[in-house]
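Understanding the architecture of this molecule
As a plain string of letters, each chain reads:
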Protein chains: 4
Amino acid sequence: MIGIAVIGYGYWGPNLARCFAETEGCRVVAIVDPAAEALARAARHHPMTRLTANWREALADRRVDAVAIATPAATHYEIASAALRAGRHVLIEKPMADNLANARELVDLADRADLRLMIGHTLVYSSAARKIEALISSHDLGNIHYYDSTRVNLGVSRRDVSVLWDLAVHDLAIIRYLLPGEPIAISANGMRFAADAPESLAHVTLYLNDGSVAHLNVNWLAPVKTRRVTIGGSQKLLLWDDLEPSEKVKIYHRGHLVADEPIDPDQAMIDYRIGDMWSPHLSPVEPLMSEAAHFIDCVGRHLVPVTDGKFGLRIVELIEAATLSMQQRGRPVELKAHSPMQAALVSGGRNG
Amino acid sequence: MIGIAVIGYGYWGPNLARCFAETEGCRVVAIVDPAAEALARAARHHPMTRLTANWREALADRRVDAVAIATPAATHYEIASAALRAGRHVLIEKPMADNLANARELVDLADRADLRLMIGHTLVYSSAARKIEALISSHDLGNIHYYDSTRVNLGVSRRDVSVLWDLAVHDLAIIRYLLPGEPIAISANGMRFAADAPESLAHVTLYLNDGSVAHLNVNWLAPVKTRRVTIGGSQKLLLWDDLEPSEKVKIYHRGHLVADEPIDPDQAMIDYRIGDMWSPHLSPVEPLMSEAAHFIDCVGRHLVPVTDGKFGLRIVELIEAATLSMQQRGRPVELKAHSPMQAALVSGGRNG
Amino acid sequence: MIGIAVIGYGYWGPNLARCFAETEGCRVVAIVDPAAEALARAARHHPMTRLTANWREALADRRVDAVAIATPAATHYEIASAALRAGRHVLIEKPMADNLANARELVDLADRADLRLMIGHTLVYSSAARKIEALISSHDLGNIHYYDSTRVNLGVSRRDVSVLWDLAVHDLAIIRYLLPGEPIAISANGMRFAADAPESLAHVTLYLNDGSVAHLNVNWLAPVKTRRVTIGGSQKLLLWDDLEPSEKVKIYHRGHLVADEPIDPDQAMIDYRIGDMWSPHLSPVEPLMSEAAHFIDCVGRHLVPVTDGKFGLRIVELIEAATLSMQQRGRPVELKAHSPMQAALVSGGRNG
Amino acid sequence: MIGIAVIGYGYWGPNLARCFAETEGCRVVAIVDPAAEALARAARHHPMTRLTANWREALADRRVDAVAIATPAATHYEIASAALRAGRHVLIEKPMADNLANARELVDLADRADLRLMIGHTLVYSSAARKIEALISSHDLGNIHYYDSTRVNLGVSRRDVSVLWDLAVHDLAIIRYLLPGEPIAISANGMRFAADAPESLAHVTLYLNDGSVAHLNVNWLAPVKTRRVTIGGSQKLLLWDDLEPSEKVKIYHRGHLVADEPIDPDQAMIDYRIGDMWSPHLSPVEPLMSEAAHFIDCVGRHLVPVTDGKFGLRIVELIEAATLSMQQRGRPVELKAHSPMQAALVSGGRNG
């Protein structure tokens, strides 16, 4: 029975506590939050659990084998590094840290102590992502040509970080999880709505080393919430609309015509699509439940989490590279594959 | 009664001939196409009209006051310049020419001869575009912050030109028509599906001189045809879905919250949208009918067309700049406003 | 080469003339309409065709082998019976006649003269209907349990006939074409919006002799045009949305749970759907083109049309029975299967 | 501070307990369920609340002022009548009883004791229903002509009662709440999928005394979950799609054309809709929270609940009348308005 301390009981912490409470093989032994109001809420839902305002107390509790950290990103490093030094396994909410140096140190700490370090990229654990991963790895879609995501919200923006950290982070994790190619360059464009605010919308293009590209459209101020990913393969096209209640993933048999004359596609009565569409059944399991179970499984059986520290580190690298490019109106930033990023401005690459 | 010659009776020419035949104040006096099969089709629908395989014959016909050119883009310059030199008003299908020099010369020729030169950017003449233009110019949406378009097709690609000339051209015309700002820089990313093919998908960001940005997502190989434009203003947000049968344009009263803590927007139960949505009634007039009527009106009353030669020239400049950037993985290309473009690579601008 | 006379060139006649003109094996030799304006339009599109205001002239024309009648329903009987007596094959727009006696006589006339009599139930010739027919007849959906259609419009109502003749007629033809069962009773409810107007909305339930039921919701005054048919089988469920541009037909693998306790389905987090969905590719051929080709094929090869006179007669019987029930607030009307209907009020049947 | 006992902690009881726990002016003092497992769950979420397997114990508890009953419908009468006799106010889940006699007695008991009796028709308390009620009562839609609902599920059916008790009950409550007319007759059709099962789909038409009609399409075995209500008024049309995330209610300005000739509405290029559409903002408050607050308010201030015992009784009457008609293939059943129903088969009414 693995003892868990949930640190941070604001917005996301209650979900973590609930999921770990319902996961086999573990027990929530402590909940930490500096706010008395938060602890009062925790008491109602977890009456048998130790409640404290001080995370160091929880780390000192011998029943605590692992901590799940859902505090503001700026505090991730301090708490996670202390937990690892205290010999506790760690699950941190994304992003794992607010700068690369801290993220790297957490990876090193976990490596040296042989502890599990997992980042809460929850979308990776959704049934849709897992089904798509199976389709891609079995080569069902053919070679992947492009990934194209629109992930936009209806008007809640943040003061502290740009939309890249808030929304693009989901796509970058999914790209890392799903796509066989390795990012080699990034071009990003963004916009601030007020001079003193972070970027509220951004468009990011990743160039991958297999010739494919990924594009992200993220925006805090859209009229209609959208979660729509298209993946183009040489055999089939896939559409993942995460807001669809029962047909989240659709696969289209590839239809493709090449026209010799200048046809206006808005007018043509041509039969564009050739072949059928199908939509696979997806398990209705809550992604966070799968994530919690995976963490417990990795701790218990000494496995490497899918979204381990190195995975999370790579996401931070990609966000930092995109931020750099965004500040220069899309100027491409080159990435070193598989190694800690050494971002460099490139003088003008070659496309495709 | 203005006499019209329709030159080119392949895919688009029959639509032009039909619309001019139904427009008051003009008459289709000649139809030109080198293909006998095309002329046979023309004979069935326009039995009283002169049919010829030779456009020079039509230009020599004294009843011809104006020509409407729907031939392949590579021939636009030769035919249009001859028509202008022969003193005929000219409507050319977009794009007006396949290079900047030719486009500029056509503008000059028309200017010097004081003839109408209009480019067939049909979407500008749609009821939706006109309604949106009225909403923006009356400041109903507030200051425009962004334009974001997804214009993707289901698998008809072209061999001769990239997707920029085929699909982005529509958005560039709409941006030019609708947005008060002037483009000052472009960053574009694209991808070829085969080494010898033009780019099949592209993402283009335009920076405008009022701080707004416009983004275009164009793709020939998407699973679902999409024509979706979002316009974000400081007061309201607008959604234009041109494939909706009866609610093409929706206006959302702006809801905007700023969150102090790291809220995950996928989970938040916050009430995002504040205020109502409304969808204005749009006239069902066919855009090409409005375009034809506008051309006849401009010729008859000596007016400047909305999409005149200078308008079309600017679109060609923007496509060329986007192409240059696309070849360098998004490296921004600076534009000189309101003058023939002198594209220059910028060394790293400042974002918004 | 079969010579066709199109009688009636108002709203639907031009479509018939266009389709026959493009169909192999036939020629449009005459077009008839009493209105000079209509004949002038016909002259522009069919310059080589004989034009006349008098349908008796067309029947007397020896080049005319068959007539296609698109006049108001009240005139169908007079023209069609004269045509059959003159030895011409006949295609009549639905409904074939405005009362049962006339419909029966047309069937008899055609039978005795061994002429083709076909009714223009165009929807039966759509690619979607043909695909669904193949799925049902191959038992792919299992036993058919129900057919449920919503066919509503946005505000064009008619003065002369109720919504049953205008909209329900489509579903009744489809039911007749697709479903293996034979209607044995009808219950219908309707509503007039004004005392002197025909019913503008109606709900019709058909009981079939295999225990299945069919339901139609037709309405002239709905806010959103809808064409949505659900077919429930013991193995699969099918959804036909005829307004979907590219996924008109979707097939769902049947999921079915039986709950022992009183679950509120609005709240349950149960995984309702079990199995996949798929959407077959459909040919983009225009239904009226298929209909015209089928008529020519039946005339040329002496075949029985799918929607022959007996088929059309059955539809008229069903509409009359529904009208009778509608006048009595849903009181069920019993039908005699496969024979000219002898409608009778039933004193209270037994349900399923 | 009103003390509440929640009786029944299976599927719906936990929601009631949660909502009352968060409602001001009341306290959950007892939770009752015969199942130990249910009480264990209750203990985790309501650690301070008395837990018991015996509802008579809860009724005897002097802190209990009111009970909320979420047990199976067959037990509603016994528990509710005992609670009223014990002087407790009562909130019962819909349906209030499984037969009319019991429902009537509960109304009488509450009347005589001057206690609040409220039925949990939760949908009435949704923001959408309240907004629509305001639009109708302010005559914004004009005279109401029709109500048309499609409320279908994806494959969870019940063994104990027909789909009328499970799904139609929602619409009947909404009709009662929203429509000014009084039901005077019902015609219903239904179908069993197995001989020993209750009806799994049903179509119900209500005739109201102002000439309007209401129609319900309810089905447990549909391919796509649907919650879609259309309300047709003489001025405007309203669409309520309860599954839409952010535009649940849309109002269309009434467009209406009357055609003199037989137009096929599938083909007509007519501009159907005249005028704009708008979608009002709705409060995101959870309906059950509003319901709980309303109950506490009525108890505390001695008010008549919107969905009081008489309201609930009327719904039971309507379901019983619909069931009677359904067993006779739609034969209309006449209703006596505003008084305990005396259902009678009518011999053939007149349609409005």
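Quick caveat, the model's predicted, so the values are computed rather than measured.

Take the interface of chain B and chain D next. With 15 residues of chain B in contact, the opposing surface of chain D contributes 16 residues. Carbon and sulfur atoms supply 43% of the area that chain B and chain D bury against each other, a total of about 1300 Å² over both sides. Joining chain B to chain D, the criterion identifies two salt bridges. Here Glu247(B) and Lys250(D) are joined by a salt bridge, their closest N and O atoms 3.5 Å apart. The set of elements that each furnish at least two residues to the side of chain B that touches chain D consists of strand S14 (249-253) and strand S16 (277-279) of chain B. Top contributing element to the side of chain B that touches chain D by residue count: S16(B), with three residues. For the side of chain B that touches chain D, the class distribution of residues is six nonpolar, four polar and five charged. Across three bridges, S16(B) lies against strand S16 (residues 277-279) of chain D in antiparallel orientation. Opposite Met277(B), over in S16(D), you have Ser279(D) as the bridge partner.

This part takes up the packing of aromatic side chains. Per the counting criterion, the structure on display carries twelve aromatic pairs over all chains. The interplanar angle of 40° and the centroid separation of 6.1 Å between the aromatic rings of Tyr11(D) and Trp12(D) together place this pair among those described as tilted. A relative accessible area of 8% means that Trp12(D) is categorised as buried. The side chain of Arg329(B) reaches across the aromatic face of Tyr207(A), ending 4.7 Å from its centre.

Here we take up the relation of the copies chain B and chain D. Take chain B, turn it by 180°, move it 0.0 Å along the axis, and it overlays chain D with an RMSD of 0.0 Å. As the rotation angle and translation indicate, the two copies are arranged about a two-fold axis. Within chain B, the C-alpha atom positioned nearest to the axis of rotation is that of Trp278(B), 1.9 Å from it. The residues that chain B uses at the interface reappear at the interface of chain D in 100% of cases, marking a shared surface.

Right, let's get into the domain arrangement of chain A. All names here are of chain A. Entries for chain A in the domain assignment read domain 1 (2-122 + 287-308) and domain 2 (124-284 + 316-342). Computed over C-alpha atoms only, the centres of domain 1 and domain 2 are separated by 29 Å. With 17 residues of domain 1 at the contact, the number on the domain 2 side is 13 residues. Around 1200 Å² of area is buried between domain 1 and domain 2 when both sides are counted, 71% of it from carbon and sulfur atoms. Put simply, the parts of the chain that give the side of domain 1 that touches domain 2 at least two residues each are helix H5 (100-113) and helix H8 (287-301). Per-element accounting of the side of domain 1 that touches domain 2 gives the leading share, four residues, to H8. Classifying every residue of the side of domain 1 that touches domain 2 gives seven nonpolar, six polar and four charged.

Before going further, it helps to examine helix H2 (residues 36-45) of chain A. Buried within H2(A) are the following residues: Ala38(A), Leu39(A) and Ala42(A). Buried positions in H2(A), seen along its axis, are confined to an arc of 95° and lie on one side of it.

Moving on, we come to the pattern of salt bridges. Residue and element names in this part refer to chain A. Summed over all chains, the structure comprises 79 salt bridges over all chains. We note a salt bridge from Arg85 to Glu105, for which the minimum N-O separation is 3.2 Å. On the criterion of sequence distance, the pair formed by Arg85 in helix H4 (residues 76-85) and Glu105 in helix H5 is long-range, its members being 20 residues apart. Among the residues examined, Arg85 registers a relative accessible area of 55% and is labelled exposed. Residues joined in a network through salt bridges with shared partners are Arg50, Glu57, Asp61 and Arg63.

Definitions and limits used
- Residues numbered from 1 in each chain as written.
- Chains lettered and ligands numbered in written order.
- Predicted model: local features only at pLDDT ≥ 70, side-chain atom pairs only at ≥ 80, totals over all residues.
- Heavy atoms only, no water.
- Contact = heavy atoms within 4.5 Å.
- Buried area = accessible area lost by both parts, 1.4 Å probe.
- Salt bridge = Lys/Arg side-chain N within 4 Å of Asp/Glu carboxyl O.
- Helix = DSSP H or I, 4+ residues; strand = E, 2+ residues; numbered from the N terminus.
- Nonpolar A, V, L, I, M, F, W, Y, C, P; charged D, E, K, R; others polar.
- Pairing = 2+ DSSP bridges.
- Phe/Tyr/Trp six-rings, centres within 6.5 Å; stacked < 30°, edge-to-face > 60°.
- Buried < 20%, exposed > 50% of the residue type's maximum accessible area, 1.4 Å probe, protein only.
- Lys NZ or Arg CZ within 6 Å of the ring centre and 35° of its normal.
- Least-squares fit on C-alpha atoms with pLDDT ≥ 70 in both.
- Domains from an automatic or database assignment.
- Arc of directions from axis to C-beta.

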